[in-house]
Amino acid sequence: MEPSKELKREIKELIIESLKITDVKPDDIIDSASLFEETNALQIDSVDALEIVMALQRKYGVHIDDQNLGRFIIKSVDTIAEFIAKEQAAKQGL
Amino acid sequence: MKKGTMDNKTRYLHKMAAHCETGSVTGLLNHAGMNITEPMVFGISSGIFFAYLQSSKLPFPMFVTRNMPGSIRKKTAKRLGVVYKKSKPRDPRKASESLDALLAQNIPVAVQVDMFEMDYIPPHMKAHFNGHFIIAVGKEKDSYTVSDCYFPTLAQLSQTSMERARFARGDMAPHGLQYYVKQAPQQVDLRTPIRKGIKEAARNMVKLPIPFLGVKGIRLFARKLMEWPKLVRDEEHLSHEVMMISAILEERGTGGAGFRFMYATFLQEAAKLLNDAGLADMSKQMMGIGDRWREISLHAARIGKKKDLGPDRLKELSAMIMARADEEEKFFNQLLKIVG
């Protein structure tokens, strides 16, 4: 299932909120670019990644147990959105 | 991501896994025809544990959240009837000859390595760790095809790097350790191994009369944390050590929350196989305990990163750890009652 634009925007807002960032807006974050690299508006580290994992868990009720796999999920807004969309579809039995 | 890639020659199916030792044992067992998951291997091997270690031989106190390295292989041998052939060739030349001879017979081999020497890991992610396990699945000219459960696909490793990695010096030096599955049962009734695995793990957590092991070790950790400011060189050092709490729990191949999530998954699988609603409930409880260990990870990472490390912050962290000790003591006593 292709994640919606709304979901991606929601995720960007959640990232900004959970990392308490004031100088980056959702539109500044490139969906496909790595969140860990400076090519994106954010350059997150492992602590930030954990903050995002916890925020996703609280908002969407998903569980990202393994940080090794988590790194692939948290890689970009696109990968997070794909994961959330997949989890939501699985919950609804789609 | 978990679907995996196949080596054409050996038909070894590469899959990512949470932890290198459980992942490599699981990979070898799957290749040998056993249908078993990584959490099941972990649970049957009584993998869940806690120890707080402080010694003049260690540069700084540390904690571990699983049983001894090597235990996963030994316990699966004992409880599942798997026969492994383990060896420690004396020097790099003999080690390569031995490994190459097995690969020539299409036998995948687990080898202990220094992670730093893995050619496929990007330079900025390289770090020395001698306790890493990979599976060598083939060799063409001077290049090995390896399955590293932390890497998404099969990878290539040069013979020079492999030799350096297998004979790296320092803590946990591999000394050329390699092993492979010689014989594995195709059909195993997992019910008894599951019960034995749970019983031993629960006893290790709540019955050992040693102050730094199991739940007692968690309590010791909570108390000793308050003394860390006296052990460090400066604020930078304290910040590093406090952030290491998060790294040990979340980033070192634990499956998250210091193996607690992996154990919860094991209990869920065990509940199904044993048709035991009590174990299913324990799985949910363990998932909650894991979530609360993850809150500790996050708190430690936050205060470490901000260098907000005054006594009040450490006291908060200590109280969170102490609460996990209380919770795990109750949990493992209850688990012991369920498995009798």
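Residues numbered from 1 in each chain as written. Chains lettered and ligands numbered in written order. Predicted model: local features only at pLDDT ≥ 70, side-chain atom pairs only at ≥ 80, totals over all residues.

Asker: Mind showing me how you'd approach the overall build of chain B here?
Answerer: Counting secondary structure elements, chain B contains twelve helices and ten strands. What you see for chain B is a C-alpha radius of gyration of 21 Å, in line with the 20 Å of a compact globule of 340 residues. Across its three principal axes, chain B shows a C-alpha extent of roughly 60 × 50 × 35 Å. Counting the 340 residues in chain B, one finds 44% classified as buried. Taking contacts inside chain B between residues at least 6 apart in sequence as the whole, the part at least 24 apart equals 69%. (Helix = DSSP H or I, 4+ residues; strand = E, 2+ residues; numbered from the N terminus. Rg over C-alpha atoms; globule rule 2.2 N^0.38 Å. Buried ≥ 20, exposed ≤ 12 C-beta atoms within 10 Å, placed from the backbone. Contact = placed C-beta atoms within 7 Å.)

Asker: Sorry if this is basic, but what is going on with the overall build of chain A here?
Answerer: The helix and strand inventory of chain A stands at four helices and zero strands. Ordered by position in the sequence, the α and β elements of chain A form the string α-α-α-α. Relative to the 2.2 N^0.38 estimate, which gives 12 Å for 94 residues, the radius of gyration of chain A is 12 Å and therefore close to what a compact globule would have. Once the C-alpha set of chain A is aligned to its principal axes, its extents read approximately 40 × 25 × 20 Å. The 94 residues of chain A split such that 32% are buried. If you take every contact in chain A between residues at least 6 apart in sequence, the share linking residues at least 24 apart comes to 52%.

Asker: When you look at unusual backbone geometry in this model, what are you seeing that I'm missing?
Answerer: A negative phi angle characterises most non-glycine residues, just as the trans form characterises most peptide bonds. Residues and elements named next belong to chain B. Positive phi outside glycine occurs at asparagine 106, with the angle close to 60 degrees. Here asparagine 106 lies in the loop between α4 (92-104) and β6 (109-113). The class for asparagine 106 is partly exposed, based on 13 C-beta atoms found within 10 Å. A positive phi is found at lysine 307, a non-glycine position, where the angle reads about 55 degrees. Along the chain, the position of lysine 307 falls in the loop between α11 (277-306) and α12 (311-339). Judged by local crowding, lysine 307 falls into the partly exposed class, with 14 C-beta atoms found within 10 Å.

Asker: Which parts of the structure should I look at to understand the pairing of strand β7 (residues 132-140) of chain B?
Answerer: Here is the key point about a regular strand: its side chains alternate between the two faces of the sheet. All names here are of chain B. For β7, a buried count of eight out of nine residues is recorded, marking the element as mostly surrounded by other parts of the structure. Where β6 meets β7, five bridges bridge the pair, whose relative direction is antiparallel. When the bridges of β7 are listed, valine 113 appears paired with histidine 132. In this sheet, strand β8 (residues 143-147) lies alongside β7 in antiparallel orientation, the contact comprising five bridges. Bridging across to β8, alanine 136 finds its partner in valine 146. Taking the residues that link successive antiparallel strands as the turn, the β7-β8 hairpin has two residues, and the phi of lysine 141 there is positive, at about 55 degrees. (Pairing = 2+ DSSP bridges.)

Asker: Before we go on, may I ask you to explain the sheet that holds strand β5 (residues 83-87) of chain B in this structure?
Answerer: Two pairing modes exist for strands in a sheet, parallel and antiparallel, and in both the strands are linked by backbone hydrogen bonds. Residues and elements named next belong to chain B. Across the sheet, six strands lie side by side as β5-β10-β6-β7-β8-β9; this open sheet has antiparallel pairing. The open sheet is flanked by β5 and β9 (155-158), the only strands paired with a single partner. On average, each strand axis in the sheet is tilted by 40 degrees relative to the strand beside it, whichever way the strands run. Sitting on the sheet, helix α1 (residues 20-31) is in contact with β6, β7, β8 and β10 (178-183), with an inclination near 40 degrees to β7. (Axes fitted to C-alpha atoms, helices over the stretch in contact; angles between N-to-C directions.)

Asker: I would appreciate a short explanation of the interface of chain B and chain A in the present structure.
Answerer: Many structure descriptions define interface size as the accessible area lost when the parts assemble. Each partner contributes residues to the interface: chain B has 17 residues there, and chain A has eleven residues. When contributions to the side of chain B that touches chain A are tallied by element, the ones reaching two or more residues are α9 (235-251) and α11 of chain B. Counting residues per element, the side of chain B that touches chain A draws most heavily on α11(B), which supplies six residues. Looking at the side of chain B that touches chain A, its residues break down into seven nonpolar, five polar and five charged. (Nonpolar A, V, L, I, M, F, W, Y, C, P; charged D, E, K, R; others polar.)

Asker: What's the story with the nonpolar core in this structure? I'm lost.
Answerer: Ranked by internal contacts, the top residues of the largest apolar core, which has 110 residues, are Ile80(A), Leu29(B), Val109(B), Ile135(B), Ala136(B), Tyr263(B) and Leu267(B). The element best represented in this core is α11(B), accounting for nine residues. Both domains that furnish three or more residues to this core are identified here as domain 1 (5-33 + 83-183) and domain 2 (191-339) of chain B. With residues up to four places along the chain from it excluded, the contact list for Leu29(B) reads Met34(B), Ile36(B), Val41(B), Val82(B), Val181(B) and Ala184(B). (Core = buried A, V, L, I, M, F, W, Y, C linked by C-beta atoms within 7 Å. Domains from an automatic or database assignment.)

Asker: Even after reading the chapter, I still don't get helix α1 (residues 5-18) of chain A, so can you show me in this structure?
Answerer: Each α-helix winds once per 3.6 residues, and so residues spaced three or four apart point in a common direction. All names here are of chain A. End to end, α1 covers 20 Å across 14 residues, agreeing with the expected 20 Å (1.5 Å per residue, within 8%). Along α1, the positions that sit buried rather than exposed are Lys8, Ile11, Lys12 and Ile15. What you see down the axis of α1 is that its buried residues fit within an arc of 100 degrees, all on one side. Those residues of α1 that are exposed and aimed more than 90 degrees away from the buried face are Glu6 and Glu17. Looking at the buried side of α1, the elements it contacts are α2 (46-60) and α4 (77-91). The first or second residue beyond α1 is lysine 20, which carries a positive phi of 50 degrees. (Expected span 1.5 Å × (residues − 1). Arc of directions from axis to C-beta.)

Asker: Would you mind going over the pairing of strand β3 (residues 48-53) of chain B with me for this structure?
Answerer: All names here are of chain B. Buried residues dominate β3, accounting for five of its six residues. Note: β3 against strand β4 (residues 62-66), four bridges, orientation antiparallel. Across the sheet, tyrosine 52 pairs through a bridge with phenylalanine 63, a residue of β4.

Asker: Quick question: what am I supposed to make of helix α5 (residues 159-166) of chain B here?
Answerer: Residue and element names in this part refer to chain B. Turning to α5, its buried residues are Met162, Ala165 and Arg166. Summarising the axial view, the buried residues of α5 lie within an arc of 90 degrees, below the 170-degree limit, and thus occupy one face. Buried residues in α5 make contact with α4, β6, β8 and β9.

Asker: Quick question: what am I supposed to make of the packing of α2(A) against α11(B) here?
Answerer: Any two packed helices are characterised by how steeply their axes cross, that is the angle between the axes, and by the distance between the axes. Taken N-terminus to C-terminus, the directions of α2(A) and α11(B) make an angle of 140 degrees; their axes are 10 Å apart at the nearest point. Judged by the angle between their axes, α2(A) and α11(B) are oblique. Crossing angle aside, the handedness with which α2(A) passes α11(B) is left-handed. The residues of α11(B) that touch α2(A), namely those facing Val47(A), Leu50(A), Glu51(A) and Met54(A), are Arg294(B), Ser297(B), Leu298(B), Ala301(B), Arg302(B) and Lys305(B). (Parallel < 35°, antiparallel > 145°, perpendicular 65-115°, else oblique. Left-handed = near helix turned anticlockwise from the far one by under 90°.)

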